[in-house]
Amino acid sequence: MDNIESGTENGRVQNELRKSKQGREQQTGSTNYINIENADKPREKCGVFAVFNNSGSGNAAIITYLGLLALQHRGQESAGMAYKGLRGIESTKGMGLVEQVFTRKALSAVESETAIGHVRYSTTGPSNAANAQPLVARSFDGSGIALAHNGNLTNTRRLYNAMLEEGHIFHSTSDTEIILTYIFRYRRHGLMQAVEKTMEKIEGAYAAVVYDGDKLVAFRDPNGYRPLVIGCLGESYFVASETAALDTVGASLLREVEPGEILQISSSGINSKVTSKSECNSLCIFEYVYFARPDSVINGANVHLVRKAIGALLAKRITYSLDMVVPSPDSGVSAAIGMAEALNIPLQWAVYRNPYLGRTFIEPTQSGRELAVRLKFNPIAEVIKGKKIAVVDDSLVRGTTARILTDMLKKMGAAEVHLCIASPPYRNPCYYGIDIPVARELAALGPDFDKLASSIGADSLTFAEPEDLFIAVGKDSCNYCTACFSGRYPG
Ligand code: SF4
């Protein structure tokens with residue numbers, strides 16, 4: 001989900017809005033911290049989780065809490081869940097991490113057998129409680145629906161203006177409210193049909209769940225940009241952004257929610273309809289590279305093994321001699337293992353990563369990001385002294401982490417530092433639910449990688465090629481969105 005303003009019809013407007021947002025932040029100090037864990041990474045916007053508990057044996061709120069903890073990496077700014085309470089659909093939401101938003105006492109008091117949950121990371125939109133999800137719409141008779149959405153609509157502005165013309169009063173600045181409003185308007189047709197009619201209106205990326213106190217519906221855009229899976233345990237069903245969340249609650253993976261599919265779960269079982277499907281799927285390939293947990297499985301491929309395979313393919317591009325491979329913790333670990341195995345040289349954990357950092361009050365400026373890297377990493381001089389090192393990371397965004405880490409390694413005595421990136425360079429904006437910095441901040445915008453290596457301070461810089469990613473995931477380019485490095489946006 002994204003800010004209503006940023007759901008623009010073209011890149012120029014989106015970039016302008018991002019710039020103006022940065023300006024507003026500088027003036028108001030509205031975002032006065034960065035998350036040290038991913039200060040120099042592209043950021044996933046959201047994760048969704050839902051449980052439809054048919055067995056009557058568990059508390060849906062506690063199960064959803066566990067599912068959201070498993071998806072915390074997909075959004076750390078707010079968390080929420082919606083369930084059936086005494087007054088119909090109720091919700092608990094707040095700013096912060098899952099463990100900060102929900103108390104065990106409050107969760108234990110919920111008696112609903114079904115719940116939907118959400119973790120959010122905002123990009124161009126304000127990070128505030130009004131935009132925390134699930135969003136809820138209620139009628140005067142007490143009926144209502146709750147919606148949790150991962151993705152980003154691309155025709156938001158048009159739909160937003162149309163709704164304003166119709167007199168709609170927006171309660172949030174999130175494009176998710178547009179989806180919620182359409183489903184709520186059409187709900188007299190039945191929840192599944194309401195979702196179908198809504199999907200005829202909205203464009204872009206969405207993997208979402210909606211709950212009306214009786215039925216749970218999961219739906220995914222026809223391109224399938226963002227992942228969504230369904231699992232089961234006994235008579236209960238689960239929907240989640242990643243299989244790792246199913247594992248956490250002890251559920252077994254049934255299958256992916258297909259692109260364009262509307263899947264309804266009710267006390268009478270599962271009912272599915274695939275509305276429309278694009279000729280090519282457009283799953284975000286960076287789910288494999290960076291966003292998803294390594295223990296998750298997407299489209300039948302384990303994320304850790306895909307990253308390892310990319311590292312092995314990257315090894316084939318190495319033309320110099322090395323003493324060891326060092327992962328940039330923790331994002332480069334899987335690819336580094338693959339590279340070290342392929343080169344038959346040692347993998348050394350030569351960079352300590354402070355595990356006790358997270359949301360820390362550091363300004364989201366370049367100097368703040370540099371401080372974040374120094375707080376996070378410290379190389380082990382005794383391991384690297386005099387050695388020729390390949391440092392492996394999953395991606396290169398601003399280059400801040402790479403530059404500071406290279407500087408640290410060289411100051412501690414590394415003979416050579418070669419930077420190996422297990423993905424192609426980011427060059428284009430993402431309109432489908434990922435926060436990538438504006439173009440002028442991207443390190444690898446130009447074609448001269450030797451110049452970039454020397455500006456980072458590395459002895460060389462090697463990127464994985466797009467075909468490495470396709471080989472590693474085992475499917476051709478027709479199955480993935482690659483727009484942020486190829487510039488080819490799905491139709
Ligand atoms: S543009 Fe890049 S980050 Fe965005 S969905 Fe496509 S591959 Fe993923």
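Residues numbered from 1 in each chain as written. Predicted model: local features only at pLDDT ≥ 70, side-chain atom pairs only at ≥ 80, totals over all residues.

1. Observations regarding the sheet that holds strand S23 (residues 388-393)
As a reminder, the rule being used: Any two strands with at least two DSSP bridges between them are considered paired. Segments assigned H or I by DSSP are reported as helices when at least four residues long, segments assigned E as strands when at least two residues long, and all are numbered from the N terminus. Fitting a line to C-alpha atoms yields each axis, with helices limited to the stretch in contact; the angle taken between N-to-C directions then spans 0 to 180 degrees.
Ordered in space as S19-S23-S24-S26, the four strands form an open sheet in which the pairing is parallel. The open sheet has two free edges, formed respectively by strand S19 (324-327) and strand S26 (460-463), since each of these has just one partner strand. Across this sheet, the average inter-strand angle for adjacent strands is 25°, counted without regard to direction. In the sheet, S23 pairs with strand S24 (residues 416-421) via six bridges, with the strands oriented parallel. Paired with Lys-388 across the bridge in S24 is Glu-416.

2. Things to note about the sheet that holds strand S9 (residues 204-211)
The pairing of strands in a sheet happens through backbone hydrogen bonds and is either parallel or antiparallel. Filter applied, for reference: Note on contacts: residues are paired as contacts if their backbone-placed C-beta atoms lie within 7 Å.
Strand order in the open sheet formed by six strands is S7-S8-S9-S10-S14-S15, and the pairing between neighbours is antiparallel. Across the chains shown, the open sheet's two edge strands, defined by having one partner strand only, are strand S7 (135-138) and strand S15 (269-274). On average, each strand axis in the sheet is inclined to that of its neighbour by 20°, with strand direction left out of account. Both strand S8 (residues 144-153) and S9 contribute to a ladder of eight bridges, which runs antiparallel. Paired with Leu-147 across the two strands is Val-210, which belongs to S9. Where helix H6 (residues 176-185) meets the sheet, it contacts S7, S8 and S9, and its direction lies at approximately 140° from that of S8.

3. Overview of the confidence of the model for the protein chain
Short version of the rule: For every residue, the predictor reports its confidence as pLDDT, a number between 0 and 100.
When pLDDT is averaged along the protein chain, the result is 87, and 86% of the positions lie at 70 or above. Note that pLDDT drops below 50 for residues 5-32; the model gives that stretch 39 contacts with residues more than four away or on any other chain.

4. Topic: the nonpolar core
As a reminder, the rule being used: Any set of buried Ala, Val, Leu, Ile, Met, Phe, Trp, Tyr and Cys residues joined through C-beta atoms within 7 Å is what this text calls a nonpolar core. Buried, partly exposed and exposed are defined by the number of other C-beta atoms within 10 Å of a residue's own C-beta, namely 20 or more, between the two limits, and 12 or fewer respectively, with C-beta atoms placed from the backbone. For the domains described, the bounds stem from an automatic or database domain assignment.
In this structure, Ala-50, Val-209, Val-210 and Met-339 are the most contacted members of the largest nonpolar core, which totals 143 residues. A total of eight residues in this core trace back to one element, the largest contributor, which is helix H10 (residues 303-315). Counting residues domain by domain, this core receives three or more from each of domain 1 (4-278) and domain 2 (302-476). Sequence-distant contacts of Val-210, that is, excluding residues within four places in its chain, are made with Ile-145, Ala-146, Leu-147, Ile-183, Leu-191, Val-195 and Val-217.

5. Examining H6
Within H6, nine of the 10 residues are buried, which leaves it mostly tucked inside the rest of the structure. Buried residues along H6 sit against S7, S8, helix H5 (156-165), helix H7 (191-199) and S9.

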